[in-house]
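Examination of the molecular architecture
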Amino acid sequence: MTDKLNLERQSFLGADSEIVLGRTKAALVGLGGGGSHVAQQLAHIGVGSFLPIDPDCMEDTNLNRLVGGAMEDVKLRTPKVDIAERIIKAVNPAAEVVKRQASWTEVTAELRDVDVIFACVDSISCRSELEVFARRFLIPLIDIGMDVHESSDEFSISGQVMLSLPGKPCMRCMGLVTDEALAKEAAKYGAAGGKPQVIWPNGTLASIAVGFFMRLVTPWETRKATPVLLEYDGDLQTVSPSNKLSYLPAHCKHFDSLNDLGDPFWNSDALAVA
Amino acid sequence: MRTILKITAILYDDLVRTLREPHDFAAERVAFLKCRPALSAMSLLLLAGGVHHVEDGDYVDDPSAGATIGRSALRKALQTAYAEAVSMVHVHLHEHRGRPGFSRTDLRENALFVPDFWNVQPGLPHGAVVFSFDSSVGQCWIPGSTIPACMEVAIVGSPMRCTWKAARD
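Residues numbered from 1 in each chain as written. Chains lettered and ligands numbered in written order. Predicted model: local features only at pLDDT ≥ 70, side-chain atom pairs only at ≥ 80, totals over all residues.

1. Some thoughts on the overall build of chain A
Threshold: A run of DSSP states H or I qualifies as a helix once it reaches four residues; a run of E qualifies as a strand once it reaches two. Both are numbered from the N-terminal end. Buried, partly exposed and exposed are defined by the number of other C-beta atoms within 10 Å of a residue's own C-beta, namely 20 or more, between the two limits, and 12 or fewer respectively, with C-beta atoms placed from the backbone. Remark: residues whose backbone-derived C-beta atoms lie within 7 Å of one another are considered to be in contact.
Summing up its helical and strand segments, chain A has nine helices and eight strands in all. In chain A, which comprises 274 residues, the proportion classed as buried is 43%. Taking as baseline every contact in chain A between residues at least 6 positions apart, the subset at least 24 positions apart corresponds to 70%.

2. Comments concerning the interface of chain B and chain A
One frequently used descriptor of interface size is the decrease in accessible area upon assembly of the parts. Note the following rule: Here the term charged refers only to Asp, Glu, Lys and Arg, the term nonpolar to Ala, Val, Leu, Ile, Met, Phe, Trp, Tyr, Cys and Pro, and the term polar to all other amino acids, Gly among them.
Taken together, the contacts link 32 residues of chain B with 31 residues of chain A. When contributions to the side of chain B that touches chain A are tallied by element, the ones reaching two or more residues are strand S1 (2–8), helix H1 (9–19), strand S2 (30–39), strand S3 (43–53) and helix H4 (163–168) of chain B. The class makeup of the residues in the side of chain B that touches chain A is 18 nonpolar, nine polar and five charged.

3. Describing the sheet that holds strand S6 (residues 87–93) of chain B
Strands pair in a sheet through their backbones, by hydrogen bonds, and they do so in one of two ways: parallel or antiparallel. Residue and element names in this part refer to chain B. Note the following rule: Think of it this way: DSSP has to see at least two bridges between two strands before they count as a pair. Fitted lines through C-alpha atoms give the axes, limited to the stretch in contact for helices. The angle between two N-to-C directions lies from 0 to 180 degrees.
Strand order in this closed barrel of seven strands is S1-S3-S2-S6-S7-S8-S9, and the pairing throughout is mixed. Taken pair by pair, the neighbouring strands of this sheet meet at an average axis angle of 30°, ignoring direction. In the sheet, S1 pairs with strand S9 (residues 149–156) via five bridges, with the strands oriented parallel. The residue of S9 that forms the bridge with Leu 5 is Val 153.

4. What about the pairing of S2 of chain B?
Residues and elements named next belong to chain B. Most of S2 sits inside the fold, with nine of its 10 residues counted as buried. Bridge analysis of S2 against S6 gives six bridges, and the strand direction is antiparallel. Each bridged residue has a counterpart across the sheet, and for Lys 34 the counterpart in S6 is Met 88. Sheet topology note: the S2/S3 ladder contains nine bridges and is antiparallel. Bridging from a neighbouring strand, Lys 34 pairs with Gly 50 of S3.

5. Points about the confidence of the model for chain B
Our working definition: A residue's pLDDT is the confidence the predictor assigns to it, expressed on a 0 to 100 scale.
When pLDDT is averaged along chain B, the result is 92; 95% of the residues meet or exceed 70. Every residue in residues 164–169 of chain B is under pLDDT 50, and counting partners more than four places away or in other chains gives 12 contacts.

Shown next as structure tokens:
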């Protein structure tokens, strides 16, 4: 018995899938209901390197959905990144975890190095800004979004998972980010009360996000084109390709300039320091 | 510090298609990737955003090499680097599977013409890459250093390509 993960049961992913996964670095931006699920699954799969990012600590309102969080963490106000590290290391002690209790905007140099970013954030503005960043450094971004709406005295659960691949349609192309939605969100900024969130839709969406990731890194089949936007109807408990996909352009028109790439403040003097 | 050329699968597929087009006399084609640089915590990144093609008339009929380009081709590439403020990466394709290698001629010529781009963009890294159908090798000239660094390639698409292959080689 060693501390090494035995991945024999997932060998159908390819003869070298274990090596590939071990050399893959994933960033998890947001380690609440969605991100904690993703962290756990990636650890089980054998991802070798993690960059968990979240400025927040565990609170009592997180306990209904944050995987790995315990009552003791509420009492101790454990940082969410510490909980993520604990989950990952418990499954795979060999995994490299470079945790950052910060906003992602404070650790952009490290974020540029990852292979894939999981965006598990609440606001439209934050997912939009993350996508702009990911496109600038040609990093695939997998976004999870979930919402509980109130209508006619009842509630509805919905969500979506999107794969934003550089060069391919972006969140604006897909209508997930619009100026109207950003303005509406900005107008509500600071409004009291958190959004309703529950564990089971987060788990469904996180599992789909991990499926997107696996198709990027070690695809188990390549004949079928994966829809890049899947919609979740939490009331019917169904997941289906978005109707928006049939109207999408083949290429993104929002990030198609050389000026959208690289360090806008490039200075070769920094090379000497590096 | 690692040096990594990143290119979208869309741009890469388009590039390979054009590199495989037959030429009247040249056995292979070459092109230049227009890139913007960035530094990360661990790496120097060259992010490809477009292709500068070499026109048919700018090849030189030279049976001693797969492709030889003339002065006008280089002048146009230098002009692009200057006008668009980009790093330039010379690319060509070896039509086989597995890890490719630069020929002795490639290595000699790379060392001669790649640093020429510093005449027009002295603050930017420039380089050369040879692709095979499923792998690549590259060299990057980084400002402040006269010896080229090895450059890995990541093709960003679904599935991700080459980064992993290069890591395995």
